[in-house]
Amino acid sequence: SVTGLLTRLSRYADERAVERLSRISDRRLLEWITEVVELLEPASVFVNTGSREDLEYIRMRAVEKREEIPSRYNPRHTVHFDGIYDLARDRENTRILTPGGSPIPMVNTGNRDEGLRELREIYRGIMRGKEMYIGFYCFGPRGSPFTLYGVQVTDSAYVMHSENILYRVCYDVFVEKGGSMRYMRFLHSAGELNEYGWSRNISKRRIYIDTVDNITYSVNTQYAGNTVGLKKLSLRLCVNQGYRENWLCEHMFIVGVKGTGDTISYFTGAFPAGCGKTSTALIADTVVGDDLAMIRNVNGEARAVNPEIGMFGIIDGVNPVDDPEIYGILSSRETEVIFSNVLLTEDGEVWWNGKPSEPRRGVNYAGEWWPGKLDEKGRPIPPSHPNARFTTSIFYLSKVDPRINDPNGVPVSGMIFGGRDSDTWVPVEEAFNWVHGIVTKGASLESERTTAVLGKAGEREFNPFAILDFLSVSPGEFIELHFRFGDGLEKQPRIYGVNYFLRDEAGRYLTEKVDKRVWLKWMALRVNNEVDALETPTGLIPVYEDLAVLFKRELGKEFSIELYEKLFTVRVGKHLEKAERILRIYENIPGTPRLFFDTLIE
Ligand code: SPV
Ligand code: MN
């Protein structure tokens, strides 16, 4: 009975926590939380209602427990260190649990029964002496038919603090809707910590996703991509749910671009890490989202919602000249920011690679002190890590689009796919139609490793829809979903491929960072049928004159016909090689739709 559950809960949770949980009339939730506390044995339980006091409490606990260290310049700028072996997503130990461990092509899977058994042993007693935090979140705007819901259980105040910045706290919705809700569950423990506060048992780090019960488990890790449930853990659950229900959950930004006059057209965009995703989002006219998008068919129209309200962005290289807006947010005394894996100087300043000042002695992701420490290979540890990040509210952006809160999302006029490609794709190209775009742009996305030496072609990694790391269905099934979704639309979004990394024979980049604004503007004209395009064997490319006008108007630059010809020459041989590579991959992925092969070969 419910009373029985509440009695069992009260052995771990005080009266206030029990009362807060009991206000949500969902018996299954109480059952699950009771099972979880009995297995993990926390010393106390805190239930986050999202009130000012609760948000403040989480921040305070993160600082008290030294999970976060405040800077001297702004007490709401704190620094968190994940630990030297815990600085990024752990591909190897992230698994989708499947019955009998049945494989999903190109996706890491594990045997569900064995995985759940293994987790039970790892979790047993793991929160002894620790405080457990329980939070309730909306993954999307309040009152939206797009929105998913999530319950986060964690022993890290940093994780809950991050979640409070990145997502809408929706305890009230859970109280109101109670047992009629469907939601995702996230169970995280940082595990035993060492003297630096890093997760000690890295060899027992596990990130397991159970799509059967809609739960993700994460343990012995702190890095947000492994732990903050609603970020990439929910993406995998969301992809799976979308696949079953015929909508898209994507690793995409959502931006608005003004065409002629003040009409805004919306675009979503998928780019692998380090390929210009954030900078494209910030060069657009408005920003709805910078990382994730849920796209549904609403009366025949594709509409997109950003499930998040914050950014977990790469800080490396952020500087006042190229990124004035982000730099301003990160330097302001008015903002709340969690910095991770940057340098915190002795005198309490946050430093990252890109700050105009010189780094001074301090603590960084390798502990105390920088400079001085060497990595395993004997090289000096840099002051801040290349994957150092900032966590902050998206509402600080001056370009944030108020429609971020629109329960019906924004209409999607176009989808953009881009990778790091030195020699194949032109800077911008429109696909002939939805299927052609899904096949030749989204499903064929490749990106060169960012360590590519100048002049030499880097090794290409296949990363369909820039979502390979987060797929819970096979890439073939994901393509089939896009075909199915497109079939149901009255007007399908146009699809674009972009490439910011084209080089000449000498290895020099042919375009500049700011040029992406011109490509975006061209797309906005195209979706409103305001300019024509030239048909090539691979797609539709801009007419020279249209670009020349845009370069002049947007950037005050001349755009020569010579450069145009260099940029927009279709490299047929390279395209054929690419098609060949992609074909070889999908030939080994069972379930890839016939239409995919027919379109690619054509
Ligand atoms: C990405 O890698 O795509 C990110 C950061 O946005 S993480 O949350 O680690 O996935
Ligand atoms: Mn991402």
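See the structure above.
Residue positions within a chain follow its written sequence, with the count starting from 1. Chain A is the first chain written and ligand 1 is the first ligand written, with later ones labelled in order. Only residues with pLDDT of 70 or above have their local features reported here, since the model is predicted, and side-chain atom pairs are shown and tallied only from 80 upward, although totals for entire chains, interfaces and linings are computed over all residues. Values reported for side chains reflect all heavy atoms of the structure, with hydrogen atoms and water molecules removed beforehand.

(A) Just the sheet that holds strand β3 (residues 77-80), in detail. Any two strands with at least two DSSP-identified bridges between them are counted as paired. Secondary structure elements are taken from DSSP: a helix is a run of H or I of four residues or more, a strand is a run of E of two residues or more, and numbering for both begins at the N terminus. Spatially, five strands are ordered β2-β3-β19-β24-β18 in an open sheet, and the strand pairing comes out mixed. Among the strands making up the open sheet, the edge pair consists of β2 (69-70) and β18 (310-314). In the sheet, β3 pairs with strand β19 (residues 337-340) via four bridges, with the strands oriented parallel. Considered in β19, the bridge of Val-79 is made with Phe-339.

(B) Broad picture of the pairing of strand β9 (residues 184-189). Of all six residues in β9, six are buried; the element is thus mostly enclosed. Burial along β9 is two-sided: Met-184, Phe-186 and His-188 facing one way and Arg-185, Leu-187 and Ser-189 facing the other are all buried. In this sheet, β9 lies alongside strand β7 (residues 148-154) in parallel orientation, the contact comprising four bridges. The residue bridging Val-151 from the neighbouring strand is Arg-185, located in β9. The pairing of β9 with strand β11 (residues 215-219) spans five bridges and is classified as parallel. Residue pairing in the sheet places Arg-185 in a bridge with Ile-215 of β11. Think of it in three bands: residues with accessible area under 20% of the maximum for their type are buried, residues over 50% are exposed, and the middle band is partly exposed, with areas taken using a 1.4 Å probe on protein chains only.

(C) Summary view of the layout of surface pockets. Points on a 1 Å grid over protein atoms alone make up a cavity when a 1.4 Å probe fits among them but cannot get out, and a pocket when they form an open set with protein on both sides within 12 Å along at least five of seven lines; lining residues each have an atom within 4 Å of a point. Grid points are joined across faces, edges and corners, and a volume is the space filled by probe spheres set on the points. In this structure, the second largest pocket occupies an estimated 430 Å³ of space. Lining the second largest pocket are 19 residues, and of these Thr-440, Pro-537, Thr-538, Leu-600 and Glu-602 lie nearest its centre. Looking at the lining of the second largest pocket, the elements with two or more residues in it are α12 (434-442), α17 (572-587) and α18 (594-601). Looking at the lining of the second largest pocket, the element that brings in the most residues is α17, giving six residues. The residue makeup of the lining of the second largest pocket, split by class, is nine nonpolar, six polar and four charged. Note that Gly is not counted as nonpolar here; it falls among the polar residues with everything else outside the nonpolar set of Ala, Val, Leu, Ile, Met, Phe, Trp, Tyr, Cys and Pro and the charged set of Asp, Glu, Lys and Arg.

(D) Representation of the nonpolar core. In terms of nonpolar packing, the biggest core is built from 108 residues, with Ile-295 and Phe-596 touching the most fellow members. Among the elements that take part in this core, helix α9 (residues 229-245) stands out by supplying seven residues, more than any other. Sequence-distant contacts of Ile-295, defined by excluding residues within four places in its chain, comprise Phe-146, Trp-247, Leu-248, Glu-250, Met-252, Thr-268, Ala-302, Arg-303, Ala-304, Val-412, Met-415 and Phe-485. For this analysis, a nonpolar core means a set of buried residues of the types Ala, Val, Leu, Ile, Met, Phe, Trp, Tyr and Cys, connected via side-chain atoms within 4.5 Å. Counting 43 residues, the second largest nonpolar core, distinct from the first, contains Ala-13, Val-36, Met-127 and Phe-174. Any two residues having at least one pair of non-hydrogen atoms within 4.5 Å are treated as being in contact.

(E) Examining the sheet that holds strand β21 (residues 350-351) more closely. Strand order in this open sheet of four strands is β21-β20-β22-β23, and the pairing throughout is antiparallel. The outermost strands of the open sheet, each flanked by one partner alone, are β21 and β23 (367-370). With two bridges joining them, strand β20 (residues 343-345) and β21 adopt antiparallel strand pairing. Of the residues in β21, the one forming a bridge with Leu-344 is Val-350.

(F) Representation of the pattern of salt bridges in the model. Here, a salt bridge means any Lys or Arg side-chain nitrogen found within 4 Å of an Asp or Glu carboxyl oxygen. Under the criterion given, the structure shown has 55 salt bridges. The partner of Arg-205 in a salt bridge is Asp-86, and the shortest N-O contact between them spans 3.0 Å. In this pair, Arg-205 is assigned in the loop between β9 and β10 (206-210) and Asp-86 in the loop between β3 and β4 (94-98), connecting sequence segments 119 residues apart. A single burial state applies to Arg-205 and to Asp-86, both of which are buried. For the salt bridge of Lys-231 with Asp-291, the shortest nitrogen-to-oxygen distance reads 3.0 Å. Within this pair, whereas Lys-231 is found in helix α9, its partner Asp-291 is found in the loop between β15 (286-289) and β16 (293-298), the two being separated by 60 residues in sequence. Accessibility expressed as a relative area gives 3% for Lys-231, which makes it buried. Members of the salt-bridge network, linked through shared partners, are Lys-231, Lys-232, Lys-277, Asp-291 and Glu-308.

(G) Fine view of unusual backbone geometry. For the bond running from Glu-368 to Trp-369, omega is -10 degrees, close enough to zero to count as cis. In this structure, Trp-369 sits in strand β23. For the peptide bond that leads from Trp-370 to Pro-371, omega is -5 degrees, which places it in the cis range. The backbone of Glu-41 shows a phi angle near 55 degrees, a positive value even though the residue is not glycine. Mapped onto the fold, Glu-41 is located in the loop between α3 (27-40) and β1 (44-48).

(H) Representation of the coordination of the manganese ion (ligand 2). Only nitrogen, oxygen and sulfur atoms count as donors, using a 2.8 Å cut-off from the metal that widens to 3.2 Å for Na, K and Ca. Water is left out, so coordination shells may look unfilled. Only Lys-232 (NZ), His-251 (NE2) and Asp-291 (OD) from the protein coordinate the manganese ion (ligand 2), and they sit 2.1 to 2.4 Å from it. As a motif over one chain, the donors of the manganese ion (ligand 2) read K-x18-H-x39-D. Separated by 40 residues along the polypeptide, His-251 in the loop between β12 (248-250) and β13 (253-258) and Asp-291 in the loop between β15 and β16 bring together distant segments of the chain. Here His-251 and Asp-291 have matching classes, each one buried.

(I) Region of interest: the packing of aromatic side chains. Any two of the Phe, Tyr and Trp rings considered here, Trp counted by its six-membered ring, make a pair once their centres fall within 6.5 Å; the pair's planes then place it as stacked at under 30 degrees, edge-to-face at over 60, or tilted in between. As enumerated under the stated definition, the model contains 29 aromatic pairs in all. Residues Tyr-544 and Tyr-564 carry aromatic rings whose centres are separated by 5.5 Å and whose planes lie at 65 degrees to one another, so their mutual orientation is edge-to-face. A residue pair is termed long-range when its members are at least 10 positions apart, and Tyr-544 in helix α15 (residues 544-555) and Tyr-564 in helix α16 (residues 561-568) qualify at 20 residues. The pair formed by Tyr-544 and Tyr-564 is uniform in burial state, with each residue classed as buried. For the pair Phe-551 and Phe-559, a centre-to-centre distance of 4.3 Å together with 10 degrees between the ring planes defines the contact as stacked. Chaining the aromatic ring pairs together yields one cluster made of Trp-519, Tyr-544, Phe-551, Phe-559, Tyr-564 and Phe-568. For the cation-ring pair, Arg-389 lies above Phe-312, with the distance from its terminal atom to the ring centre recorded as 4.8 Å. Here, a charge over a ring means that NZ of Lys or CZ of Arg falls within 6 Å of the ring centre while also lying within 35 degrees of the ring normal.

(J) Geometry of the site of ligand 1. One heavy atom suffices: a residue is near a molecule or strand as soon as one of its heavy atoms comes within 4 Å of it. Taken together, the neighbourhood of ligand 1 is formed by Arg-89, Tyr-223, Gly-225, Lys-231, Lys-232, His-251, Asp-291, Phe-312, Arg-389 and Phe-470. Under the rule applied, a polar contact is a pair of N or O atoms within 3.5 Å (in protein, one hydrogen donor and one hydrogen acceptor; residues adjacent in sequence only if both atoms are side-chain atoms). Within the contact set of ligand 1, an oxygen atom lies 2.7 Å away from a side-chain nitrogen or oxygen of Tyr-223. Contact between ligand 1 and Lys-232: an oxygen atom at 2.6 Å from a side-chain N or O atom of the residue. Burial of ligand 1 by the surrounding chains reaches 92%, relative to a free accessible area of 280 Å². Surface exposure here means Shrake-Rupley accessible area, sampled with a 1.4 Å probe, where a residue is shielded only by the protein chains that are shown.

(K) Molecular detail of the packing of α12 against α18. Axes here mean lines fitted to C-alpha atoms, for a helix over just the part in contact, with angles spanning 0 to 180 degrees between N-to-C directions. Relative to each other, α12 and α18 sit at 85 degrees, their axes nearing to 9 Å. One finds that α12 runs roughly perpendicular with respect to α18. Contact residues: Val-435, His-436 and Val-439 in α12; Leu-595, Phe-596, Thr-599 and Leu-600 in α18. The scheme is simple: roughly parallel for angles under 35 degrees, roughly antiparallel for over 145, roughly perpendicular for 65 to 115, oblique for anything else.

(L) Geometry of helix α2 (residues 15-22). Within α2 the residues assigned to the buried category are Ala-17, Val-18, Arg-20 and Leu-21. One face of α2 carries all of its buried residues, which in axial projection span an arc of 160 degrees. Looking at the packing, one finds that the buried side of α2 touches α1 (2-9), α3, β1, α4 (52-64), β6 (131-139) and α7 (171-177). Each direction from the helix axis to a C-beta atom contributes to the arc, which is the arc of those directions.

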